[in-house]
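Below, each chain spelled out in residue letters.
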Amino acid sequence: MALIQYLTRIQFQAGAISLLADELKLLGVSRPMIVTDRGIVAAGLLATVLARSGIGQDTPVFDGTPENPTEAAAQDAVALFKASGCDSIVAIGGGSPIDLAKAVSLLASHPGPLEQYAVILGGMDLITANKPPVIAVPTTAGTGSEVGRAALLTLEDGRKLGFISPHMIPSVAICDPDLTIGLPPYLTAATGMDAVTHCIETFLSPRFNPVADAIALDGLARAAKWIEPATRDGADATARHEMMLAALQGGLTFQKGLGAVHSLSHPLGGLKALRLHHGTLNAVLLPAVLRYNAPGSQEKYARIRVALNLSEDADIADEMAALAQRLGLPARLGEMGVTPDCFEQISQYAVKDHSTASNPRPVGAPDFLKILEDSL
Ligand SMILES: [Zn+2]
């Protein structure tokens, strides 16, 4: 038996941000708080959204989202939400503000501490529908968080945990590719490789969901075709449209679960001193994980080769490494400043990560250690 749900309300088109005020009205809310980050404000995107969406210029704004969202930032945002009498949250940005907004909605309506809602601590059933709605407005094409059930947050002790529930899915996703036009080449490439990784890992997940598989392969083909044009020419509206769609497709398949790339990129992203970019980490880890997963996945690898338009004997891991190189992304963890002294602990965290259970090949701490060493 399979439970297949698609999934939430999505407005997808260039210029879709003009629908924000109407979508709030449909949800029956009138006092949103915006959750974003300072990069979005500095890039002028907050001003763009306010101007094009028709919501009030006096809308409260929390712009203190860190690169990797933290429990502390969520609590600060909840304080503003309550002090301002808000009834809903509009998340504007990449995966970090969207994840933070999901946590704000949770903490604004559910008693603390946050840790008890973590999926690996059995918290999924504690999360109810009785939460203020979140409207997600992605400004990158990669995370898929706009339709995802998960929020990833780093707790005070450094653990990066997943908070997962159908009730964490934003009530509406407004996907407006025009909002990604100014995204710099490096971030276009790095977030795009996150979308590529989502499509590959969810497709390889052994959980039965052929509908999601089809979406993942279509998203993978789309991302592989358009990630380089979008990175080369950020003003290419077609490339932006296609990459935002590929990222959305990656997010629409999260319900199958991810795999070992994400098991490792989650705790690596929690390393406070380094502040590593999630998509870049995935691009670096993907080749070694694809080599690890190859035994037993050959049938699916053949279908991935078709989606990528590769010859029958092409090595997918090599192809992904070559793609990352053409995009100007680092090839090794060492180039990102990672040193092997953290590997033991990262491997332990990875074993406990919620993505590990859906990796196609069983993976334990020694395997994670080997993948990290191969990626160094
Ligand atoms: Zn990801």
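The structure displayed is predicted, hence computed values, not measured ones.

Basis of the calculations
- Counting starts from 1 at the beginning of each chain's written sequence and moves along it residue by residue.
- Only residues with pLDDT of at least 70 are given local features in this predicted model, and only at 80 or more are side-chain atom pairs given and counted; all residues enter the totals for whole chains, interfaces and linings.
- Heavy atoms throughout the structure, all of them, feed into the side-chain values; hydrogens and water do not.
- Here the term donor refers to an N, O or S atom within 2.8 Å of the metal (or 3.2 Å for Na, K and Ca), and because water is left out of the atoms, sites may appear incomplete.
- Every geometry call rests on angle ranges, with four donors termed tetrahedral when all angles are between 85 and 135 degrees, four termed square planar and six termed octahedral when opposite donors are over 155 degrees apart and all others are between 65 and 115, and everything else termed irregular.
- The helix and strand labels rest on DSSP assignments: H or I over at least four residues marks a helix, E over at least two residues marks a strand, and numbering proceeds from the N terminus.
- The rule is simple: take the accessible area with a 1.4 Å probe, protein chains only, and divide by the maximum for that residue type; under 20% is buried, over 50% is exposed, in between is partly exposed.
- Boundary definitions for the domains trace back to an automatic or database domain assignment.
- Only heavy atoms matter for contacts: two residues are in contact if any of them lie within 4.5 Å across the pair.
- As used in this structure description, the phrase polar contact means that two N or O atoms lie within 3.5 Å; if the pair is within protein, one of them must be able to donate a hydrogen and the other to accept it, and residues adjacent in sequence are counted only when both atoms belong to side chains.
- Any residue that is not Ala, Val, Leu, Ile, Met, Phe, Trp, Tyr, Cys, Pro, Asp, Glu, Lys or Arg is counted as polar, Gly included; the first ten are nonpolar and the last four charged.
- The term salt bridge refers to a side-chain nitrogen of Lys or Arg lying within 4 Å of a carboxyl oxygen of Asp or Glu.
- Angular values range over 0 to 180 degrees, each being the angle between N-to-C directions of two axes fitted as lines to C-alpha atoms, with helices fitted over their stretch in contact.
- Note on convention: the crossing is left-handed when the near helix lies turned anticlockwise from the far helix by less than a right angle, right-handed when the turn is clockwise.
- UniProt positions are given in the numbering used here, feature names are shortened, and annotations may be inferred rather than shown by experiment.
- Remark: nonpolar core denotes a set of buried residues (Ala, Val, Leu, Ile, Met, Phe, Trp, Tyr, Cys) joined through side-chain atoms within 4.5 Å.
- Strand pairing is assigned whenever DSSP detects at least two bridges linking the two strands.
- Disulfide assignment relies on a single distance test, namely cysteine sulfur atoms paired within 2.5 Å.

We now examine the coordination of the zinc ion. Protein-derived coordination of the zinc ion comes from Asp194 (OD), His198 (NE2), His262 (NE2) and His278 (NE2), at a distance range of 2.1 to 2.2 Å. Metal-centred angles of 82 to 169 degrees between the four donor atoms at the zinc ion mark the site as irregular. Counting along the primary sequence, the residues that act as donors to the zinc ion give the motif D-x3-H-x63-H-x15-H. Separated by 64 residues along the polypeptide, His198 in helix H6 (residues 185-204) and His262 in helix H9 (residues 260-269) bring together distant segments of the chain. Here the two residues His198 and His262 agree in accessibility, since each one is buried.

A word on the domain arrangement of the chain. The domain boundaries assigned to the chain delineate domain 1 (2-179) and domain 2 (184-375). Taken together, the contacts link 34 residues of domain 1 with 30 residues of domain 2. Counting across the interface, domain 1 meets domain 2 through four residue pairs in polar contact (both at pLDDT 80 or more). Every element with two or more residues in the side of domain 1 that touches domain 2 is listed here: strand S1 (9-12), strand S6 (150-154) and strand S7 (160-164). When grouped by side-chain class, the residues that make up the side of domain 1 that touches domain 2 number 16 nonpolar, eleven polar and seven charged.

On to the pattern of salt bridges, then. Applying the stated criterion across every chain, the model contains eleven salt bridges. Of the charged contacts in the structure, one is a salt bridge between Glu23 and Arg9, with a shortest N-O distance of 2.8 Å. Highlighted residues: Glu23 in helix H1 (residues 20-27) and Arg9 in strand S1, separated in sequence by 14 residues. Take Arg9: its relative accessible area is 42%, and that puts it in the partly exposed class. The partner of Lys370 in a salt bridge is Asp374, with the nearest N and O atoms 2.9 Å apart. Residue Lys370 and its partner Asp374 are located together in helix H14 (residues 365-375), separated by four residues, close to a single helical turn. A residue is classified by how much of its surface remains accessible, and Lys370, at 46% relative accessible area, is partly exposed. When its relative accessible area of 40% is taken as the criterion, Asp374 is described as partly exposed. What emerges from the salt-bridge pattern is a single network uniting Glu115, Asp157 and Arg159.

Another aspect to go through is the packing of H6 against helix H11 (residues 298-307). Close contact between H6 and H11 brings their axes to 10 Å; oriented N to C, the two are set at 145 degrees. Considering the relative orientation of H6 and H11, their crossing is right-handed. Along its contact with H6, which presents Ile200, Phe203 and Leu204, the element H11 presents Lys300, Tyr301, Arg303 and Ile304.

What follows deals with the UniProt feature "domain: Fe-containing alcohol dehydrogenase-like C-terminal" (unreviewed entry) in the chain. The feature "domain: Fe-containing alcohol dehydrogenase-like C-terminal" (unreviewed entry), as annotated in UniProt, sits at residues 188-375 in this numbering. Along residues 188-375, the helical share is 66% and the strand share 0%, with 22 Å between the first and last C-alpha atoms.

Attention now moves to the nonpolar core. Counting residues in each nonpolar core, the largest one holds 65 residues, and the members touching the most others are Met193, Ile200, Leu268, Leu290, Ile304, Met320 and Leu333. Here this core spans two domains, and each of domain 1 (2-179) and domain 2 (184-375) adds at least three residues to it. Leaving out residues up to four positions away in the same chain, Leu333 has contacts with Leu268, Leu281, Val284, Leu285, Val338, Phe343, Leu372, Ser375 and Leu376. Of all hydrophobic cores here, the second largest spans 30 residues; its members include Val78, Ala91, Ala103 and Tyr117.

As recorded in UniProt, the feature "domain: Alcohol dehydrogenase iron-type/glycerol dehydrogenase GldA" (unreviewed entry) lies at residues 8-177. The straight-line gap between the two end C-alpha atoms of residues 8-177 is 19 Å; of that span, 29% is helix and 21% is strand.

Inspection of the secondary structure puts Thr59 in the loop between helix H3 (45-53) and strand S3 (61-62). Residue classification places Thr59 among the buried positions, given a relative accessible area of 11%. A polar side-chain atom of Thr59 sits 2.6 Å from the main-chain carbonyl oxygen of Gly56. Ignoring anything within four residues of it in the chain, the contact list for Thr59 reads Pro32 and Ile34.

Attention now goes to the sheet that holds S1. The strand order across the open sheet built from six strands is S1-S8-S5-S4-S2-S3, with neighbouring strands paired in parallel fashion. In this open sheet, the two edge strands, each paired with only one partner strand, are S1 and S3. Where strand S2 (residues 32-35) lies against strand S4 (residues 88-93), four bridges are found, and the strand directions are parallel. Of the residues in S4, the one forming a bridge with Met33 is Ile89.

With that out of the way, let us pick up the state of the cysteines. Tallying each qualifying case throughout the model produces zero disulfides. You can see Cys175 has no disulfide; the closest cysteine sulfur is in Cys199, sitting 14 Å from it. On the accessibility criterion, Cys175 (0% relative accessible area) is buried.

Let us now look at the environment of Pro32. Among the structural elements, Pro32 can be located in strand S2. In this structure Pro32 comes out as buried when scored by relative accessible area, which is 8%. C-alpha separation for the pair Pro32 and Gly257, spaced 225 residues apart in sequence, amounts to 31 Å. With residues near it in sequence (within four places) discarded, Pro32 still touches Leu24, Thr59, Pro60, Cys86, Asp87, Ser88 and Val90.

If you trace the backbone, Arg31 turns up in the loop between H1 and S2. Taking the C-alpha atoms as reference, Arg31 lies 4.9 Å from Cys86; in sequence the two are 55 residues apart. The residues touching Arg31, leaving out its near neighbours within four places in the chain, are Asp58, Pro60, Ser84, Gly85, Cys86, Asp87 and Ser88. A polar atom in the side chain of Arg31 sits 3.1 Å from the backbone oxygen of Ser84.

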